Amino acid sequence: MTQKSKTENSKRQLAWVFDINKCIGCQTCSVACKVLWTEGEDTQHMWWMMVNTLPGRGTPRDWETMGGGYKNGQPQKGQLPTEEEFGGGWDFNYDEVLHGGKGRSVHLTKIAGSKSWGPNWDEDEGGGEWPNPYFFYFPRLCNHCTDPVCVEVCPNDAMFKREEDGLVLRDEDKCRGAQDCARACPYKKIYFNKARKVSQHCIGCFPRIEKGVAPACVRQCPGRAAFVGFLDDEAGPVHRLVEGWRVALPLHPEFGTRPNVYYVPPMAPVPFNADGSPNEGASRIPPEYLESLFGPDVHGALDTLKSELEKRRRGEPSELMDTLILYRWLDALGPFTKDPAEIVWR
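Given the structure is predicted, the values throughout are model-derived calculations rather than measurements.

Cut-offs and rules
Residues numbered from 1 in each chain as written. Predicted model: local features only at pLDDT ≥ 70, side-chain atom pairs only at ≥ 80, totals over all residues. Heavy atoms only, no water. Pairing = 2+ DSSP bridges. Helix = DSSP H or I, 4+ residues; strand = E, 2+ residues; numbered from the N terminus. Contact = heavy atoms within 4.5 Å. Axes fitted to C-alpha atoms, helices over the stretch in contact; angles between N-to-C directions. Buried < 20%, exposed > 50% of the residue type's maximum accessible area, 1.4 Å probe, protein only.

K.L.:
Help me get a handle on the sheet that holds strand E12 (residues 226-230), residues and values and all.
P.N.:
Strand order in the open sheet made by the four strands is E12-E1-E14-E13, with mixed pairing throughout. The outermost strands of the open sheet, each flanked by one partner alone, are E12 and strand E13 (249-250). Where strand E1 (residues 14-19) and E12 come together, five bridges link them in antiparallel fashion. Within the sheet, the bridge partner assigned to Phe 18 lies in E12 and is Ala 226. Of the strands in this sheet, E1, E12 and strand E14 (261-264) touch helix H9 (residues 237-244), which is tilted by about 90° from E12.

In structure tokens form, the structure reads like this:
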């Protein structure tokens, strides 16, 4: 089966938008995903959704340098992240300390898991130097790419792109644990379950989607920073932010997989001069750093955001700012507004 026949037959494409200016790094999305999908055997190290601090090395550690994606239209197999590079999977001697009857002679000690890294190891470190430090929070999940290289390289035809919504999923009955998908994924969001000998990744909460319920990461976001919807829904905020105002951008478009998770890039206070005065004409977050993440389109997106923000400050209306403020929470959920408590799950 060719790559085109395996990945280009989706009728619609589900997409996510995260407003980085509103993400508070609370990890509610991460925990909502974790307790829903990865509490089975050998999933302790799996965080299908994770919020990292940028600038930072991320999870797995230094994933941006591990390769994968497409080059000149050809799939590239990059580095397979190690367990230590993913980090996490920690366990402690709780029973000994709490129930062992040893009093103060024993203390909590790590008995399993990584030693030198974790899913959010460098949280809040960021970049820059005083008096102009900066950082921002960055949610990451499977991008459910339009051209998913993981689907093309799978030797067992276990991975596929759903026709009805464009989600990239795997048939675990066909998966043989080759991990070519993880090598080729340039975003390194595929994990390996050693107990079941299969690879696993974010499934886009498709059982919820099929019932009209938004993905957990979006519905649970307390900062109203997450949106979900179909790219062809011209009335929805996802389409307007991505295709209309063009202020929501994909991460590392140069990887060539056409990801479907988009980000409204971060703004920051102006930097200070050496004498403590504000430098109104400069940017605290280096524009070249943002371009390294989102490509050259980030400059136009930031210009639009700043001009619309200035309109609101002058008391003028701005539909873009109203969309990002998200006065009505249900607007973030697209067509998936059903309450999961009202559904009988089987």
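Moving on from the model shown.
K.L.:
So, helix H2 (residues 28-37): which residues are in play, and what are the values?
P.N.:
Residues of H2 that are buried include every one of Cys 29, Ser 30, Ala 32, Cys 33 and Lys 34, and no others. Structurally, H2 contributes buried residues whose contacts are with strand E2 (50-54) and helix H8 (216-219).

K.L.:
Outline the pairing of E14, listing residues and values.
P.N.:
Burial along E14 is two-sided: the face carrying Val 261 and Tyr 263 and the face carrying Tyr 262 and Val 264 are both buried. Of the strand pairs in this sheet, E1 and E14 are connected by four bridges, and their pairing is parallel. Each residue of the ladder has a partner; that of Trp 16, found in E14, is Val 261. Looking at chain direction, E13 and E14 are connected through two bridges and run antiparallel. Directly across from Pro 250, in E14, lies its bridge partner Tyr 262.

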